[in-house]
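Below, each chain spelled out in residue letters.
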Amino acid sequence: RKGLVDAISPGHIDAADALTCRWTTPHFFLLTADELQAQWSGAAVSRSFVASCRATATVHPEVAQQAQWLWEVLDELDDAERARWFRFLTGSSRGPRGGANLRIGPRAGGDGAFPFAHACVSSLDLPSYSSRELLRERLGAAVKAAHDKFTDL
C-alpha cells in the first residue's frame, strides 16, 4: 500500500484512458480517503505545509522582515483561514503534493497599501509595513476581498 501511494503521482492517472485505468483503478481501494484526496486534490494547507513553503520560498531582501511576519501570522491561522490565504496567493485552496514554490517581493505604498497576489506564478507583493499587526490586518482584508470572487472554499 505504501509503495502504491509513492508510485502514483498526479498526472499518472487519466480517467479518459481506459487502458491505464483498467490497471490502476482497482488499486485505489487500498488507499484511505485522505490518501485519495491528497492524490487527486493536493494537500491541506496545514502548518507543516506552510513550513515547507517557507523553507523553499524566494524572498526579496527588501521585504525580509515583512515575510518573517507573514510566516508568523500564517502559523496563527486555523486550517480554513490558511486555505483562504493560499487560494488568494495561488488560485487553489489546496497545496500541490510536494509543496509550493512561492515568491515574495516588494510592493510600493507602505502602510496604506494592500498585498497583491499573482496567482499564476504563486507570487506575493508585500508593502513594507511598519508592524506585524498592520500586515495581518491588510492581508486579512485582501484575502477577504478576493475570497468573494472565488467559489472553491
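Predicted, not measured: the structure shown is a model, and the values here were computed from it.

Criteria and thresholds
Residues numbered from 1 in each chain as written. Predicted model: local features only at pLDDT ≥ 70, side-chain atom pairs only at ≥ 80, totals over all residues. Heavy atoms only, no water. Phe/Tyr/Trp six-rings, centres within 6.5 Å; stacked < 30°, edge-to-face > 60°. Helix = DSSP H or I, 4+ residues; strand = E, 2+ residues; numbered from the N terminus. Buried < 20%, exposed > 50% of the residue type's maximum accessible area, 1.4 Å probe, protein only. Lys NZ or Arg CZ within 6 Å of the ring centre and 35° of its normal.

### Looking at the packing of aromatic side chains
- Counted by the stated rule, this structure contains two aromatic pairs.
- Relative to Phe86, the ring of Phe49 lies with its centre 5.3 Å away and its plane at 85°, an arrangement referred to as edge-to-face. With Phe49 in helix α4 (residues 47–56) and Phe86 in helix α6 (residues 79–90), this pair connects stretches of sequence that are 37 residues apart.
- Using a relative accessible area of 6% as the deciding quantity, one classes Phe49 as buried.
- According to the relative accessible area criterion, Phe86 is buried, its value standing at 1%.
- Between Trp85 and Phe86, the aromatic rings sit 6.0 Å apart at their centres with planes inclined by 50°, giving tilted as the arrangement. Accessibility assignment for this pair places Trp85 and Phe86 in one class, buried.
- Ring pairing ties together the aromatic residues Phe49, Trp85 and Phe86, which thus form one cluster.
- Over the face of the ring belonging to Phe114 we find Arg138, whose NZ or CZ atom lies 4.8 Å from the ring centre.

Any link to function would need more than the numbers given here.
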